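# Analysis of the macromolecular model
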Amino acid sequence: MILSIESSCDDSAIAITEIATKKLLFHKKISQELEHSVYGGVVPELAARLHAEALPKILEECKPYFDGLKAVAVTTTPGLSVTLVEGVIMAKAASIALNIPIIGVNHLIGHIYSLFIEKEAVFPLTVLLVSGGHTQVMEVKSLEEIKTVAKSMDDSFGESFDKVAKMMHLGYPGGPVIEKLAKEGDRKKYNFTVPLHQSPLIAFSYSGLKNSVRVALEGASESDYKDIAASFEHVAVAHIIQKLKKYFKEVPPKTFAIVGGASANLYLRSQIEELLKPHNAKLLLSELKYCSDNAAMIGRVGVEMYEKGLFSPLNALEICPKSVI
Ligand code: KG4
Ligand code: ZN
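My aim in this report is to walk through the structure given alongside it, one point at a time. (Residues numbered from 1 in each chain as written. Chains lettered and ligands numbered in written order. Predicted model: local features only at pLDDT ≥ 70, side-chain atom pairs only at ≥ 80, totals over all residues. Heavy atoms only, no water.)

## Describing the overall build of the protein
Secondary structure summary: the protein contains ten helices and ten strands in total. Taken against the 2.2 N^0.38 rule, which gives 20 Å for 325 residues, the C-alpha radius of gyration of the protein at 20 Å falls within 12% of a compact globule. Taking the principal axes of the C-alpha coordinates as reference, the protein spans close to 60 × 45 × 30 Å. The buried share of the protein, taken over its 325 residues, is 52%. A sequence separation of at least 24 residues applies to 73% of the contacts in the protein between residues at least 6 apart. Total accessible area on the protein stands at roughly 14400 Å², and carbon and sulfur atoms take up 54% of it. Counting 35 positive and 37 negative side-chain charges, the protein places the centres of these two groups 5 Å from one another. (Helix = DSSP H or I, 4+ residues; strand = E, 2+ residues; numbered from the N terminus. Rg over C-alpha atoms; globule rule 2.2 N^0.38 Å. Buried < 20%, exposed > 50% of the residue type's maximum accessible area, 1.4 Å probe, protein only. Contact = heavy atoms within 4.5 Å. Areas by Shrake-Rupley, 256 points an atom, 1.4 Å probe, with all protein chains shown as cover. Lys, Arg positive; Asp, Glu negative; His and termini not counted. Charge placed at Lys NZ, Arg CZ, Asp CG, Glu CD.)

Set out below in structure tokens:
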């Protein structure tokens, strides 16, 4: 069995995964959304303190599995440095106390493997990762062959929802609340410009759209919020669709997947489904409960890395806040 720990942002999560069957034997996540909500975003020091409280409580519940553990997998990159450290300290302590090796896991690869919880992995895949920290398209051939072909130059897709919700004083995280509000609104009411629509680049940018929403909100009343949310969501998704369309002209998709917390967005899912139809491409999605950050996906990668012997020496295990993929 693999013990896995996730603390890259605002979710404290631990899982136990059986190596041979990939079965998830235990998974618990304590989310900090409520605590950060009043600030309209994640406060790193508060997040670190809450991880320090939550992780030991969850680990206590894993005691019955300790005897059968073969390794501990922990998110080491990317994420907030002060929160990544909390998970890594716990992993190092578990490694020493239980005499098991450590596996350092890339959180983004974790999101890719959220597609394969309790399942065999299937590659090759074109993957769109949309989360609070990332908007990126990757060509994935295997665990070790992942090529990023497009990413955001500034804010991410999920982050732009968080910032728009903050401007409307709707708390954190912004994705679900903006999606709900958008359902009641008119997507065409505000004519926000699709980012980078004239640029030949296959890349993403959300800071300009966020600023356009800020300007629209200045002259708006609360009754306009639903139309602003709907128009914003429409353009945020249209941006992804436009860039994917361009990319698919070069590299037609065969199997496409959407992962990450914001992959829960139903409007995004439906627009991508439409985009894939003429290509006859298959769409893979993670189960809703594994879209946002969790330790099951870290454990799933842990199993793959364990089988390949990809361990990190205790002294060399370091966090890396910026993504290397
Ligand atoms: O993957 P995740 O849990 O954490 C990171 O790795 O960043 O993603 C969280 C992000 C937040 O920005 C949240 O607002 C966004 O995903 N999100 C959504 C939706 N649900 C969550 N964005 C748009 N629509 C949603 N339904
Ligand atoms: Zn994530």
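Structure shown, so let's carry the discussion forward.
## Notes on unusual backbone geometry
With omega at -25°, the peptide bond leading from Thr77 into Pro78 counts as cis. Note that the residue after Tyr172, namely Pro173, is joined by a cis bond; omega there is -5°. Residue position: Pro173 is located in the loop between helix 5 (157–167) and helix 6 (174–183). For Asn99, which is not glycine, the phi dihedral falls at a positive 55°.

## Considerations on the pattern of salt bridges
Using the criterion set out here, one finds 13 salt bridges in the structure. Between Asp227 and Lys189 there is a salt bridge, and its shortest N-O distance comes to 3.5 Å. Residue Asp227 is found in helix 8 (residues 225–250), and its partner Lys189 is found in the loop between helix 6 and helix 7 (207–218); the two are separated by 38 residues along the sequence. In this structure, the salt-bridge partner of Glu274 is Lys277, at a minimum N-O distance of 2.8 Å. For Glu274, a relative accessible area of 46% translates into the label partly exposed. The exposure class of Lys277 is exposed, given its relative accessible area of 53%. (Salt bridge = Lys/Arg side-chain N within 4 Å of Asp/Glu carboxyl O.)

## What to know about the sheet that holds strand 3 (residues 24–31)
Spatial ordering of the open sheet is given by 3-2-1-4-5, a layout of five strands whose pairing is mixed. Looking along the sheet, the strands with just one partner apiece sit at the ends: strand 3 and strand 5 (102–106). Along the sheet, successive strands turn relative to each other by an average axial angle of 20°, direction set aside. In the sheet, strand 4 (residues 71–77) pairs with strand 5 via five bridges, with the strands oriented parallel. By the bridge assignment for strand 5, Thr75 is matched with Val105. (Pairing = 2+ DSSP bridges. Axes fitted to C-alpha atoms, helices over the stretch in contact; angles between N-to-C directions.)

## Regarding the coordination of the zinc ion (ligand 2)
At the metal site, the zinc ion (ligand 2) is ligated by His107 (NE2), His111 (NE2) and Asp293 (OD), and these contacts range over 2.0 to 2.1 Å. Coordination geometry of the zinc ion (ligand 2): the four donor atoms subtend angles of 94 to 139° at the metal centre, consistent with an arrangement described as irregular. Linear spacing of the donor residues for the zinc ion (ligand 2) on their chain is H-x3-H-x181-D. Here the residue His107 occupies a position in helix 4 (residues 107–113), and Asp293 occupies one in the loop between strand 10 (282–285) and helix 10 (296–307), the gap between them amounting to 186 residues. The pair His107 / Asp293 is uniform in exposure class, with both members buried. (Donors = N, O, S within 2.8 Å, 3.2 Å for Na, K, Ca; no water. Tetrahedral: all angles 85-135°; square planar, octahedral: opposite > 155°, others 65-115°.)

## Examining the nonpolar core
Most often, soluble globular proteins keep nonpolar side chains buried together rather than apart. Of all hydrophobic cores here, the largest spans 43 residues; its most connected members are Phe157, Met168, Phe232, Ile240 and Ile272. For this core, the secondary-structure elements that each account for two or more residues are strand 6 (125–130), helix 5, helix 6, helix 7, helix 8, strand 9 (255–259) and helix 9 (266–276). In terms of residue count, helix 8 provides more of this core than any other element does, 13 residues in total. In this view, Ile240 contacts Leu128, Val130, Thr135, Phe157, Phe204, Tyr206 and Leu268; residues no more than four positions away in its chain are not counted. If you look at the next biggest cluster of nonpolar residues, it comprises 35 residues, including Ile19, Leu24, Ile109 and Phe116. (Core = buried A, V, L, I, M, F, W, Y, C linked by side-chain atoms within 4.5 Å.)

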